[in-house]
Amino acid sequence: MSKAITFSEYGTPEVLRLSEVTAPEPGPGQVRIRVRAASVNPLDMKIRSGLMAGAIPAHFPVVPGVDAAGVVDAVGEGADAAVGDEVLGATAGGSYSEYALVEQPVAKPAALSWEVAASLVTVGRTAFRVLAQLGVRKGQTLLVHGAGGSVGVIAAQLAVTRGITVITTVGEHDIERVTALGAMAVRYGDGWVERVRTAAPQGVDFVLDASGAGVLADSVALAGDTARVITIADMAAAQHGVRFSAGSTDQGEDALPQLVELAANGMLTLPIWRTYPLEEAAAAHADLEAHRNRGKAVLLP
């Protein structure tokens, strides 16, 4: 038996319980890891609350979470890892647990902390995917809304490494941090369009909205074409003729090893805001839902 966080009904963070569960057995291509870190993502809270019940119906009890990093302790047939390997990846059956199954594990470099390794998976793949969908290239200018958040900050850094000029809209408290990563940061809120035009007199070629802050109409006007704008956060995308990118793993499987290498070499940073013991998963959810975080929240089983 092992410990895991479970929920048996939709609801507020209080439905999360520390439970005794049977440690999962790896199937073909899978490894079981002793979890050292599990990232908390907004999707986890949407599933727990029932907001995703139509697209991702729950089969109770549910062990939440997708992203994890840990040490392999059992290997399924054909798995590309060995007992004792340190790996990260997406889990099958939940990551808020002492033990989890990982499909297509990626080796964790020694230079990468457990917290960052666990946090790269979903947000990193998402950032990689949306940049590919936009098709932004070296020499062009990309506007990123919400670069203070995890997907936005990774997308901004990936674009910078590719020779793309990056303008970002962020909160006042994030301007210095995002600027240090090689992007130009301006304050969001009233007047942001004028501030972006001042920062990018050459114009904006593409826009990534990771904020969901009602910026799509003005973003289309800046980019000049709905096809040059994409959002991962604004459910009103269709009203503006803008693509909403969600759920796809296109380019995702190839992305993770590249993201890990960039992070291990210091070319990609992901801020870790706070860590929690496994039994405080409900507190982590409550903090993120109240928007208290300034970076990733990570569980340490």
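Predicted model, so just to flag it, every value in this text is computed and none were measured.

## Things to note about the layout of surface pockets
Thinking step 1. Reported here for the second largest pocket is a volume of approximately 300 Å³.
Thinking step 2. Forming the walls of the second largest pocket are 19 residues, and the residues nearest its centre are Ile47, Val62, Val63, Pro64 and Gly65.
Thinking step 3. No other element matches the 4 residues that helix α1 (residues 42-49) contributes to the lining of the second largest pocket.
Thinking step 4. Partitioned by chemical class, the residues of the lining of the second largest pocket number 12 nonpolar, 5 polar and 2 charged.

## Here we look at the sheet that holds strand β10 (residues 184-187)
Within a sheet, neighbouring strands are paired by backbone hydrogen bonds and run either parallel or antiparallel to one another.
Thinking step 1. The strand order across the open sheet built from 6 strands is β10-β9-β8-β11-β12-β13, with neighbouring strands paired in parallel fashion. The two strands at the open ends of the sheet, each matched to only one other strand, are β10 and β13 (243-244).
Thinking step 2. Note: strand β8 (residues 141-145) against strand β11 (residues 206-209), 4 bridges, orientation parallel. Bridge assignment links valine 144 to a residue of β11, and that residue is leucine 208.
Thinking step 3. Sitting on the sheet, helix α5 (residues 192-199) is in contact with β8, β9 (165-170) and β10, with an inclination near 155° to β10.

## With respect to α5
Thinking step 1. Among the residues of α5, Trp192, Val193, Val196 and Ala199 are the ones counted as buried. All buried residues of α5 lie within an arc of 125° about the axis, which places them on one face of the element.
Thinking step 2. The inward-facing, buried residues of α5 abut β8, β9, β10 and α6 (216-223).

## Notes on the pattern of salt bridges
Thinking step 1. For the structure shown, the criterion picks out 9 salt bridges.
Thinking step 2. Among the salt bridges present, the one from aspartate 287 reaches arginine 292, with a minimum N-O distance of 2.6 Å.
Thinking step 3. Overall, aspartate 287 belongs to the buried group, its relative accessible area being 10%.
Thinking step 4. On the basis of relative accessibility, which here comes to 46%, the residue arginine 292 falls in the partly exposed class.
Thinking step 5. What you see here is one network of salt bridges that share partners, running through Glu25, Arg32 and Asp73.

Each value, and the rule that gives it
Residues numbered from 1 in each chain as written. Predicted model: local features only at pLDDT ≥ 70, side-chain atom pairs only at ≥ 80, totals over all residues. Heavy atoms only, no water. 1 Å grid on protein atoms, 1.4 Å probe; cavity = no way out; pocket = protein on both sides within 12 Å on 5 of 7 lines; lining within 4 Å. Points joined across faces, edges and corners; volume = space filled by probe spheres on them. Helix = DSSP H or I, 4+ residues; strand = E, 2+ residues; numbered from the N terminus. Nonpolar A, V, L, I, M, F, W, Y, C, P; charged D, E, K, R; others polar. Pairing = 2+ DSSP bridges. Contact = heavy atoms within 4.5 Å. Axes fitted to C-alpha atoms, helices over the stretch in contact; angles between N-to-C directions. Buried < 20%, exposed > 50% of the residue type's maximum accessible area, 1.4 Å probe, protein only. Arc of directions from axis to C-beta. Salt bridge = Lys/Arg side-chain N within 4 Å of Asp/Glu carboxyl O.

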